[in-house]
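Residues per chain, in single letters:
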There are 2 protein chains.
Amino acid sequence: MALRVFCPRVMSPSALLLLLPLLLLAGVPLAAAATRPALWPLPVSVQQTPNLLYLSPVSFEITHGLDSSAGPDCFLLQDAFRRYHQYVFGYSENPDVSRMSSSVGTEIQKLLVVITSDSECNAYPNITSDESYKLVVQASVAVLEARKVWGALRGLETFSQLVYRDSYGAYVINETEVTDFPRFPFRGILIDTSRHYLPLKTILMTLDAMAFNKFNVLHWHIVDDNSFPYQSMAFPELSGKGAFSHAHVYTHTDIRHVLDYARLRGIRVIPEFDSPGHTNAWGKGQENLLTACYAGSQKTGFFGPVNPILNTTYDFLSTFFKEVSQVFPDNYIHLGGDEVDFSCWKSNPDVTKFMEEQGFGQSYEKLESYYIQKLVDIVSSTNKGNLVWQEVFDNKVKLNPQTTIVEVWKGSYYEKELSDVTAAGFATVLLSPWYLDYISYGQDWRRYYYVEPLQFSGTSTQKELVLGGTAALWGEYVDATNLMPRLWPRASAVGERLWSSKHVRDENDAYNRLTEHRCRMVRRGIPAEPLYVGYCEL
Amino acid sequence: MALRVFCPRVMSPSALLLLLPLLLLAGVPLAAAATRPALWPLPVSVQQTPNLLYLSPVSFEITHGLDSSAGPDCFLLQDAFRRYHQYVFGYSENPDVSRMSSSVGTEIQKLLVVITSDSECNAYPNITSDESYKLVVQASVAVLEARKVWGALRGLETFSQLVYRDSYGAYVINETEVTDFPRFPFRGILIDTSRHYLPLKTILMTLDAMAFNKFNVLHWHIVDDNSFPYQSMAFPELSGKGAFSHAHVYTHTDIRHVLDYARLRGIRVIPEFDSPGHTNAWGKGQENLLTACYAGSQKTGFFGPVNPILNTTYDFLSTFFKEVSQVFPDNYIHLGGDEVDFSCWKSNPDVTKFMEEQGFGQSYEKLESYYIQKLVDIVSSTNKGNLVWQEVFDNKVKLNPQTTIVEVWKGSYYEKELSDVTAAGFATVLLSPWYLDYISYGQDWRRYYYVEPLQFSGTSTQKELVLGGTAALWGEYVDATNLMPRLWPRASAVGERLWSSKHVRDENDAYNRLTEHRCRMVRRGIPAEPLYVGYCEL
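Since we're looking at a predicted model, the values are computed, not measured.

> Break down the confidence of the model for chain A for me, citing the residues and quoting the values.
Chain-level statistics for chain A give a pLDDT mean of 92 and a share of 91% at 70 or above. Throughout residues 1-35 of chain A the model reports pLDDT below 50, and contacts reaching past four residues in sequence, or to other chains, amount to 60 contacts.

> So what's going on with the relation of the copies chain B and chain A? Which residues, and what values?
Mapping between the two copies of the chain is achieved by a rotation about an axis and a shift along the axis. Overlaying chain B on chain A yields an RMSD of 0.0 Å, the required transformation being a rotation through 180° with an accompanying axial translation of 0.0 Å. On this basis, the relationship between the two copies can be described by a two-fold rotation axis. Residue B:Ser440, judged by its C-alpha, is the member of chain B lying nearest the rotation axis, at 2.4 Å. A shared binding surface is used by both copies, with 100% of the interface residues of chain B retained as interface residues in chain A.

> If you had to explain the interface of chain B and chain A to someone new, which residues and values would you point to?
Tallying the contact residues gives 35 residues for chain B and 35 residues for chain A. For the chain B and chain A pair, buried surface summed over both sides reaches about 3000 Å², with 65% attributable to carbon and sulfur atoms. Sorting the residues of chain B by area buried against chain A places B:Tyr441, B:Tyr477 and B:Thr481 first, and these three jointly supply 25% of that buried surface. Remark: the boundary between chain B and chain A carries four salt bridges. For B:Glu529, the salt bridge identified is with A:Arg486, shortest N-O distance 3.0 Å. Where chain B meets chain A, there are 18 residue pairs in polar contact (both at pLDDT 80 or more). Where the side of chain B that touches chain A is concerned, the elements lending two or more residues are helix 17 (483-487) and helix 19 (507-523) of chain B. Along the lines of polarity and charge, the residues of the side of chain B that touches chain A split into 18 nonpolar, 10 polar and seven charged.

> Talk me through unusual backbone geometry; I want residue IDs and the actual numbers.
That bond from A:Ala139 to A:Ser140 is cis: its omega, -10°, falls within 30 degrees of zero. By the secondary structure assignment, A:Ser140 is in the loop between strand 6 (133-137) and strand 7 (141-146). B:Ser275 connects to B:Pro276 through a cis peptide bond whose omega is 5°. Note on placement: B:Pro276 falls in the loop between strand 12 (268-272) and helix 8 (280-285). Even without being glycine, B:Lys396 reaches a positive phi, approximately 65°. Looking at the secondary structure, you find B:Lys396 in the loop between helix 13 (390-394) and strand 17 (404-408).

> Account for the pattern of salt bridges, with residues named and values stated.
Residues and elements named next belong to chain B. Inspection of the entire model under this criterion finds 48 salt bridges over all chains. A salt bridge links Arg268 to Asp330; the nearest nitrogen and oxygen atoms lie 2.8 Å apart. Here Arg268, found in strand 12, pairs with Asp330, found in the loop between helix 9 (311-327) and strand 15 (332-334); they are 62 residues apart in sequence, far enough to count as distant. Each of the two residues, Arg268 as well as Asp330, counts as buried.

Conventions and cut-offs
Residues numbered from 1 in each chain as written. Chains lettered and ligands numbered in written order. Predicted model: local features only at pLDDT ≥ 70, side-chain atom pairs only at ≥ 80, totals over all residues. Heavy atoms only, no water. pLDDT = per-residue confidence, 0-100. Contact = heavy atoms within 4.5 Å. Least-squares fit on C-alpha atoms with pLDDT ≥ 70 in both. Buried area = accessible area lost by both parts, 1.4 Å probe. Salt bridge = Lys/Arg side-chain N within 4 Å of Asp/Glu carboxyl O. Polar contact = N/O pair within 3.5 Å; in protein donor to acceptor, adjacent residues only side chain to side chain. Helix = DSSP H or I, 4+ residues; strand = E, 2+ residues; numbered from the N terminus. Nonpolar A, V, L, I, M, F, W, Y, C, P; charged D, E, K, R; others polar. Buried < 20%, exposed > 50% of the residue type's maximum accessible area, 1.4 Å probe, protein only.

Structure (structure tokens):
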């Protein structure tokens, strides 16, 4: 039988019915041998016939269906149509019109995009955004149906991945039906702009590559000990003194640019302002924010975590996070909370006195808890949810499962941590196995691909609390010179793990598809490194 | 004392005499605090005073000294003068002339380059090329003296590294005297264009970066099992069928471009045509060249190493290497000879018969030796020396120490191998500790830097046979998307080890200089990755 079907799920009887007309078409003679398209991440269901349809770069158009709730006033879709037309047909080439028109096959003239519900065209995506879509590619008009623009964006990417060129160079696509939706709603990439400043261009290119891999969260670890590039309106000295230089700053215009660019690709931007640790750079522009460290009765001149005992600290945090909550539209802010070093707090006599007054004993976890609870209250008052690193949970800070998501990052025993966090009723996001800054020789993407995020002991209710995961590229050894090839296509392995069905685990098949997918990224301008020996078609 | 001297060697009395006038100048008031320049690799002797001299981007010129044996008809130097003027002052900036002219300090108006012997301006560099130079930077004219153009090129690089910008943005240089020459005459970078094709642009950029690090040999592993991109005139089918595609070929025009570009930077290009193993791609365009493998009495359809028993093999090799010897001007060709798998030879009944006739017994090393000796004879008849991988020596192939250099690449016990190879009277080049394709997390440049190539047991005569080393970036996981940041600045560590005095081993000092040096490379357009957290001045 000439029909090839690859469908990772057991096919339902209704799906088989859908296939029938395609089966009937399978006898039509072929212009060229069909190649299995390198879809990445693999959709939930793909059904194809060997029948080829031809696309003319001159006349093919992507446009709104008549019955769509979105129209030409939906800039998000208009921009996506333009973008994907370019991805499908390339940028610079002069299409050979004479050759195109002489193609003997059936032509496909349009892709109609139909939004069937309130489009959310002008909204920002969030954790509940519907990314499902259905794509039917047939002559002479293909239809992409989605309830929201978010699904349309994902479907456009899939459509663009289905098109290839036959041996004569003509653009072709097989008759295809795709039904698709993500396995996890939170599929993140973490970038770190504190260890090294990343120019805007690098961030935008990362967002492009994320869209090619159906990621939907940019976790922007924007500040840390090393530099504070976020330009605050309320506290301009934070970047004025805490950034590497005046040139290494994200202005509000820069940030708006990132936010818009991300939204148009269905990507949330969650900023992380990590505290009370990892705040060395904050102290440069904000006096009395950090705890002064002591050696005996003398100040050392060094500073530790944020000083949790002063009212001025919380006044500052209120103003600062109010601003942040307005600048970043996402309804979550990442508050950090990892790796708080207690030694400086322990050394400070005022902190010691405060601990006594509060009856915290020797439990600096209680002091941390005191701080975090006040911080969470501040952020909650801005109507934002929050994410925190696992230590906040581990140290038994009292948190509200309705508003806090716990991120699991420690390397060892992360299954146990997922189990504990979800047993306590918290939603969680997994990072531990996906620290892409740890490089090694060879095909480490296989290790990332192998991970099964739900393989931990817990009830189905617990499993449902796993929102997804994030591939983290911490910045100690990464800047604009090497970020793109280090992140891609290694992060693509995480992308498929978080989007595709849990049964999609065939490494050889993944290797073949990912090899082609990385070449597609290269053709689209992303310097994604090779998986192994070989070359890309130009 | 305000005078800072850093001189890795014990200073000779005559050097101290040279210092005297500088010491006398040390009382002159300073326009700005002098920063120790980040020289990389560190010259043999650098003597500086805190006195600053100003350079005007508008009027400063690099030109020939009156008593130089080279003049404006020496294109190599003319091109270098142009290049280094750009490196010193940047490309795109409009110098602020008003500010420049208001500088209160002493101006340096020219750098005069004086070649004191036959310039070798139109020659290709070789293993005996003199790269020594002496640089005296003083008002109002600096002088760079070298016996040959090769030393002038190295001195221009050093001069360019000495210039920096003061806090007002003015270009300044300290009064300086540099005496310099390389510790080893062979300082190589290996690139591999078979596992992945590298576009010309990537190769040329690599040559630029090599010049910035005073490397002088491009070891071009041009063909291998995976593809044959070298376009042979005599055997066009070798690339016609053996290259990845028609677009993945180095034409003779391409190669000329590389050779010229390298020569202008004082860099030799040594092509490697590895045989008899690693030749799978050769077989696609040249019938009967490879050994047919057998399973019992049946051919498997697979092929092994070059077939060493046929006269046609040597006819082919004669014609082929005659061409190669004409295309590549260097007086050495790398013949490979590594990792010959004997199993296919063992399976082939014709080979077995030949072994019996020759009385080789079961020693396939003897068969390999038979092949290599004939190959070496062929190449020697073109008046070229040859390099081979260590197995050729290990397998006791009879070689002539006058014409063969043995390259040590195996990872374990390389000190023992260096000892054995040099005890047998062979010149050698070390690669083992510098396989830069093996990546790992963190600052692995320190490991490369730590290596001491002469730390093996042997006489001083043996040590003198160590010509140098090569940093190898094999191509399994490397192509144009990631080559530059993976190679630089990690290879820079090898560059200093091979150029600078053996006493230059201070890792902290190296870290500081290399951090600045990598930023300098970035400013010159090389995407060299960061050593650690931080940023580059723009």
